[in-house]
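So the chains spell out like this:
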Amino acid sequence: MAPSDRPHRSGGAEPETTPGPPASGAVSDRAADLVAALAGLKAEAEQQIRSAADGDALQRLKTDYLGRKAGRVSAILKALPSLEAEARRTVGQAANDAKAAIEQLLASAEAEHAARAAPPAGDLTMPARPAWRGALHPVTLVATEICEIFHELGFTRAVGPEAETERNNFTALNFPPGHPALDMQPTFYLGTGALLRSHTSPVQIRVMEAYRPPIRVTIPGRCYRRDPFDASHAPVFTQVEGLCVDEGISFVDLKAAITFFARRFFAAGVNVRFRPSFFPFTEPSAEVDVECQLCHGSGCPACKGTGWMEILGCGMVDPAVFENVGVDPERYTGWAFGMGLDRAAMVRYGIPDIRLLFEADMRFHRQFVGSV
Ligand code: DAH
């Protein structure tokens, strides 16, 4: 048969081979496979870590997955050098992420196992130590009680600073400069007209300059005098001041209010007496005594045999004080009192030495827990 007779094959050529994918595509597929393998590895590790029985099992998993030579992550990384730069980066990144995730899972599982395995700290059968409970200071307790008794009579509370002006502490309260009444209050002067207040009376001045009458306030606060520190004196002490200013207020109101207070604070029906006295800021002035709460009037060492205990000073507000603060003395009258709280607390709680109030001895203060 002549060559020309050979059957003619269409196209007259060898069957075309299917062209392979471009080289880079092949690498991407490998990379995708490796990334998927890493994800699978991570999932598998997670599951095994979760069900690991103890720390030893976790250690074995760590070697199995993360071991540098024979670890399963390393096995995958062995393929890196044969990859193209970009694929290498992708797979490398995925491997690092998988490694970090597995490390993290291992660490938290290890911590859990360790916590479970650790013996409990201390003896759980030991009874709990009672928690510390705070207490209010006895002086705070009596201050609150006194202000509450006067609150029933319509008094609100006011406070003022412990560092005062000489004017508020003395001059406006009608102490003339150099007057012997100043000697009753040995004072800590701070210089340039300032001092540590020697009583709570300067707050009367502040209140009357800030508010118009009618005024009814109690003023608790700390005061300072150059006194010795012994069983019955302290250079720091606490007072409560009272001030009532209105139209038509008389000495009768003063006596009634103080007697009401004494019978509420000390004892129902307790005897109270008013003795004439002197204060520059009141006229007339009085000192008030209540029947000694220890001997009930028969005389004992605490009341120096008199049967009486001095509790406070008081009087009708001097018109000169009203003038100093711009209150019309023709229209208004008022009364005031000042009471030391340290001694009141000592009487109320049977405290024999004022220094106990300052010493912060817990055996002393613990006794007042729960007293409010
Ligand atoms: N401030 C006086 C003192 O500490 C006490 C006092 C007396 C206050 C009479 C008053 C008062 O308000 O009217 O010695």
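Residues numbered from 1 in each chain as written. Predicted model: local features only at pLDDT ≥ 70, side-chain atom pairs only at ≥ 80, totals over all residues. Heavy atoms only, no water.

**Comments concerning the overall build of the protein**
Across its full length, the protein carries eleven helices and ten strands. For the protein, the spread of C-alpha atoms along the principal axes amounts to about 160 × 55 × 40 Å. Burial statistics for the protein: of 372 residues in total, 40% are counted as buried. The contacts of the protein with a sequence gap of at least 6 include a subset with a gap of at least 24, amounting to 67%. When the accessible surface of the protein is totalled, it reaches about 21,200 Å², and 55% of it is carbon and sulfur. Charge centroids of the protein, computed over 38 positive and 44 negative side chains, lie 6 Å from each other. (Helix = DSSP H or I, 4+ residues; strand = E, 2+ residues; numbered from the N terminus. Buried < 20%, exposed > 50% of the residue type's maximum accessible area, 1.4 Å probe, protein only. Contact = heavy atoms within 4.5 Å. Areas by Shrake-Rupley, 256 points an atom, 1.4 Å probe, with all protein chains shown as cover. Lys, Arg positive; Asp, Glu negative; His and termini not counted. Charge placed at Lys NZ, Arg CZ, Asp CG, Glu CD.)

**Structural notes on the site of the ligand**
If you check the shell around the ligand, you find 16 residues, and the closest are His199, Ser201, Arg225, Gln239 and Glu241. Interatomic distance of 3.1 Å between a backbone N/O atom of alanine 336 and an oxygen atom of the ligand. Protein coverage of the free-state accessible area of the ligand, which is 350 Å², stands at 93%. When residues of the shell around the ligand are traced back to their parent elements, those giving at least two are strand 6 (236-246), strand 9 (308-317) and strand 10 (333-340). Across the shell around the ligand, the residue classes break down as five nonpolar, nine polar and two charged. (Near = heavy atom within 4 Å. Polar contact = N/O pair within 3.5 Å; in protein donor to acceptor, adjacent residues only side chain to side chain. Nonpolar A, V, L, I, M, F, W, Y, C, P; charged D, E, K, R; others polar.)

**Side note on the environment of glutamine 367**
Summarising the element assignment, glutamine 367 is placed in the segment after helix 11 (362-365). With a relative accessible area of 56%, glutamine 367 lands in the exposed category. Polar contacts involving the side chain of glutamine 367 include one to the main-chain carbonyl oxygen of phenylalanine 364, which spans 3.1 Å.

**Things to note about the pairing of strand 8 (residues 282-291)**
Most of strand 8 sits inside the fold, with eight of its ten residues counted as buried. Relative to strand 8, strand 7 (residues 272-279) runs antiparallel, the two sharing seven bridges. Bridge pairing in strand 8 links arginine 273 to aspartate 289. Linking two consecutive strands that pair antiparallel, namely strand 7 and strand 8, is a turn of two residues. Pairing between strand 8 and strand 9: eight bridges, direction antiparallel. Across the sheet, residue aspartate 289 finds its bridge partner in strand 9, namely glutamate 310. (Pairing = 2+ DSSP bridges.)

**Some points on the pairing of strand 6**
Burial analysis of strand 6 places ten of its eleven residues in the buried class, the great majority of the element. Here strand 5 (residues 215-224) pairs with strand 6 via ten bridges, running antiparallel. Looking across to strand 6, one finds that cysteine 223 is bridged to phenylalanine 237. Where strand 6 meets strand 10, eight bridges bridge the pair, whose relative direction is antiparallel. Bridge pairing links glutamine 239 to glycine 340 in strand 10.

**What to know about unusual backbone geometry**
A negative phi holds for most residues other than glycine; trans holds for most peptide bonds. Backbone torsion omega between proline 213 and proline 214 reads 5°, so that peptide bond is classified as cis. Tracing the chain through its elements places proline 214 in the loop between helix 7 (202-210) and strand 5. Following glutamate 283, the chain continues into proline 284 via a peptide bond in cis, with omega recorded as -5°. Relative to the elements of secondary structure, proline 284 occurs in strand 8. Of note, the phi angle at threonine 192 is positive, near 45°, even though the residue is not glycine. Within the secondary structure, threonine 192 sits in the loop between strand 3 (189-191) and strand 4 (194-196). Exposure remark for threonine 192: the relative accessible area of 87% places this residue in the exposed category.

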